[in-house]
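The chain contents come next:
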Amino acid sequence: MDYDVAIVGYGPTGMALAALLGQRGRKVIVLERYAGLYNLPRAAAFDDETMRTFQSLGIAEAMLPGTNIQKGYVWVNGQDEVLLDIEYDNPGRCGWPAQYMMYQPHLEDVMDRKVRGLSSVTLRQGVKVVGITQADDSVTLTARADDGSESEITARWLVGCDGGNGYVREHLDGALDDYGFFENWLVCDFEMRHAVPGLPSFRQVCNPAQPISIVNIGPKHHRFSFRLEAGADRDALVKPENVWPRVAAFFGQNDADLIRVANYTFRSCVVDHWRKGRVLLAGDAAHQMPPFLAQGMVSGIRDARNLAWKLDMVLSGTDAALLDTYQTEREPHVRFIIEKAVELGKVQTMRDPEAAKARDARMIAARKANQKPDKLRYPALRGGLIANDGSLFPQGVVSSPSRTALFDDIAGTGWLIVAKGEDALAALSEADRADWAALGGSEAVFGLSSMVGAGDLWDTGGVYTRWFDETGAVAAIIRPDSHIYGTAPQAGDLPALLNTLLAALGRR
Ligand SMILES: O=C(O)/C=C/c1cccc(O)c1
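Residues numbered from 1 in each chain as written. Predicted model: local features only at pLDDT ≥ 70, side-chain atom pairs only at ≥ 80, totals over all residues. Heavy atoms only, no water.

**What to know about the pairing of strand 16 (residues 221–227)**
For a regular strand, the rule is simple: side chains alternate between the two faces of the sheet.
Link 1 in the chain: By the criterion of burial, strand 16 is predominantly enclosed, with seven of the seven residues buried.
Link 2 in the chain: Residues His 221, Arg 223, Ser 225 and Arg 227 line one face of strand 16 and the alternating positions His 222, Phe 224 and Phe 226 line the opposite face, and both faces are buried.
Link 3 in the chain: The pairing of strand 13 (residues 183–192) with strand 16 spans seven bridges and is antiparallel. When the bridges of strand 16 are listed, Trp 185 appears paired with Arg 227.
Link 4 in the chain: Strand direction decides the pairing type here: strand 15 (residues 212–216) and strand 16, joined by five bridges, are antiparallel. What sits directly across from Ile 212, in strand 16, is Phe 226.
Link 5 in the chain: Between the antiparallel neighbours strand 15 and strand 16 lie four residues, among them Gly 218 with a positive phi of about 100°. (Buried < 20%, exposed > 50% of the residue type's maximum accessible area, 1.4 Å probe, protein only. Helix = DSSP H or I, 4+ residues; strand = E, 2+ residues; numbered from the N terminus. Pairing = 2+ DSSP bridges.)

Listed below in structure tokens is the structure:
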């Protein structure tokens, strides 16, 4: 066997998966058909959950020079009246600002450096996968190099992160559930020569005559996207001389360089099966969504985070059925986001002037009445390897005897029991503790309501006092991807919760 895992595709999903597996010491090969990194922006933003994944890889700080914190989310109408103005949380649930606007080549550079620094990961760029055959205990890929030479690579598992038109999705031959939301947009990216006064960092211009999205994409770049009519002359529209007049109200050629113009069709679809035998799909290979919530890239990184520890456990001997929990957990989450993004996109890009007028009147009246829109919360994971919770365990600032830092940096990101005082662990037997240790589990014990039996962790930022109060739990089991497997309302409930987990993992 050459490798534990072969990854096809070296975009953000493939990079994240390679880094997460490589960090666990897994022998990984990544095959990418392009010879170098793409080097042009595609995604515009990422969220605090993604930053937490970068934190687990030790690359969160390195991302910052390519980002700007996004303070809010704003819609205006054709008359520049504000329809919607939402402030993003800072910090968000994962301990970082809720949204970062980013320059994707910077993000990919940082991830690429991380991957190249991992001795168990091999990266082969400029090779195309042209064959996949599965056996009972392995999968063999045929890779064709630029010079036409072919080689065979054998791995225990293969993950296709090669996008919506990639070879691996085609090989799996799944049916596509298409939401039927196709839109054509002209996406224009600029490198700014200097700061331009009055240039909004973020605006969705809901003008029925011409919907526009204005998005800062990192410290030196800006994106303008224009919704196109069905019969638009695409060849003419992408010509720079036709792009500049579109942004003339904001800046001109002395202020910025046009670095990319793409005619892009937003798609919204989900593949029906994400695993066939030893082959899995992740990122755009499994699902595609329009950009209205900026969740496309981050959904792929969520896939990688969900899959990495499961592959790691299966490679260590856990039953491969664990990998079926991947789609069970991720698909409803992704569908929720796709459906929200489509719904939002339809309202934002209304073309009927009368319907748009009614929308504006409704939204302006709501603002005047001080009715704030509900903050969008993504759903907890359900089914799969979840007992009774599935939401993301929050991250805040905590203190140990030796330092004050974000929770994951102190408690780690393996299997974890979080407890409100030592008493919450009192019902665990010696056998429970031994089986938990054999799983690689550890404990984080707070002293919140009592100093008697307090652990060595203090809730410096106040996040966990609130969390224990709100959930009514005294303990919780947290998975390696920071999702809550389950909570125990009483100390006496913890052994049963642990038993359910260990049984599900075939350890009891
Ligand atoms: O490109 C778009 O249309 C939207 C991007 C977007 C949406 C929400 C938050 C962001 O930071 C970017």
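There is more to say, and it comes next.
**Here we look at the pattern of salt bridges**
Once their charged atoms are close, side chains differing in charge can pair, the charge on each being opposite to the other.
Link 1 in the chain: What the rule picks out here adds up to 27 salt bridges.
Link 2 in the chain: Here Arg 275 makes a salt bridge to Asp 324, at a shortest N to O gap of 3.0 Å. Within this pair, whereas Arg 275 is found in strand 19 (residues 275–276), its partner Asp 324 is found in helix 9 (residues 324–348), the two being separated by 49 residues in sequence.
Link 3 in the chain: Its relative accessible area of 22% is what places Arg 275 among the partly exposed residues.
Link 4 in the chain: Residue Asp 324 is classed as partly exposed on the basis of its relative accessible area of 41%. (Salt bridge = Lys/Arg side-chain N within 4 Å of Asp/Glu carboxyl O.)

**Thoughts on the UniProt feature "domain: FAD-binding" (unreviewed entry) in the protein**
Link 1 in the chain: In the numbering used here, UniProt assigns the "domain: FAD-binding" (unreviewed entry) feature to residues 2–339.
Link 2 in the chain: The span residues 2–339 is 27% helix and 34% strand, and its two end C-alpha atoms sit 41 Å from each other. (UniProt positions renumbered as here; feature names shortened; annotations may be inferred.)

**Structural notes on the packing of helix 12 (residues 430–438) against helix 14 (residues 494–504)**
Geometrically, a packed helix pair is captured by the angle between its two axes and the distance between the axes.
Link 1 in the chain: Running from amino to carboxyl end, helix 12 crosses helix 14 at an angle of 45°, the nearest separation of the two axes being 11 Å. Taken together, the axis directions place helix 12 and helix 14 in an arrangement best described as oblique. The chirality of how helix 12 crosses helix 14 is left-handed. Contacts between helix 12 and helix 14 involve Asp 432, Asp 435 and Trp 436 from the former and Pro 495, Leu 498, Leu 501 and Leu 502 from the latter.
Link 2 in the chain: Residues of the contact of helix 12 with helix 14, tallied by class, amount to five nonpolar, no polar and two charged. (Axes fitted to C-alpha atoms, helices over the stretch in contact; angles between N-to-C directions. Parallel < 35°, antiparallel > 145°, perpendicular 65-115°, else oblique. Left-handed = near helix turned anticlockwise from the far one by under 90°. Contact = heavy atoms within 4.5 Å. Nonpolar A, V, L, I, M, F, W, Y, C, P; charged D, E, K, R; others polar.)

**Examining the site of the ligand**
Link 1 in the chain: Close to the ligand lie 13 residues, the nearest being Ala 45, Gln 70, Gln 99, Ser 213 and Pro 291.
Link 2 in the chain: One of the side-chain N or O atoms of Gln 70 is found 2.2 Å from an oxygen atom in the ligand.
Link 3 in the chain: Ser 213 is positioned such that a nitrogen or oxygen atom in its side chain is 3.2 Å from an oxygen atom of the ligand.
Link 4 in the chain: Compared with its free state, where it exposes 330 Å², the ligand has 97% of that area covered by protein.
Link 5 in the chain: For the shell around the ligand, the secondary-structure elements that each account for two or more residues are strand 14 (202–206) and strand 15.
Link 6 in the chain: When the residues that make up the shell around the ligand are grouped by side-chain class, the tally is nine nonpolar, four polar and no charged. (Near = heavy atom within 4 Å. Polar contact = N/O pair within 3.5 Å; in protein donor to acceptor, adjacent residues only side chain to side chain. Areas by Shrake-Rupley, 256 points an atom, 1.4 Å probe, with all protein chains shown as cover.)

**Points about unusual backbone geometry**
For residues that are not glycine, phi is negative in most cases, and the peptide bond is trans in most cases.
Link 1 in the chain: Cis geometry is adopted by the peptide bond preceding Pro 91, which originates at Asn 90 and carries an omega value of 0°.
Link 2 in the chain: Secondary-structure assignment places Pro 91 in the loop between strand 6 (82–87) and strand 7 (99–102).
Link 3 in the chain: Although it is not a glycine, Asn 370 adopts a positive phi angle of roughly 60°.
Link 4 in the chain: Relative accessible area serves as the criterion here: at 59%, Asn 370 is assigned to the exposed category.

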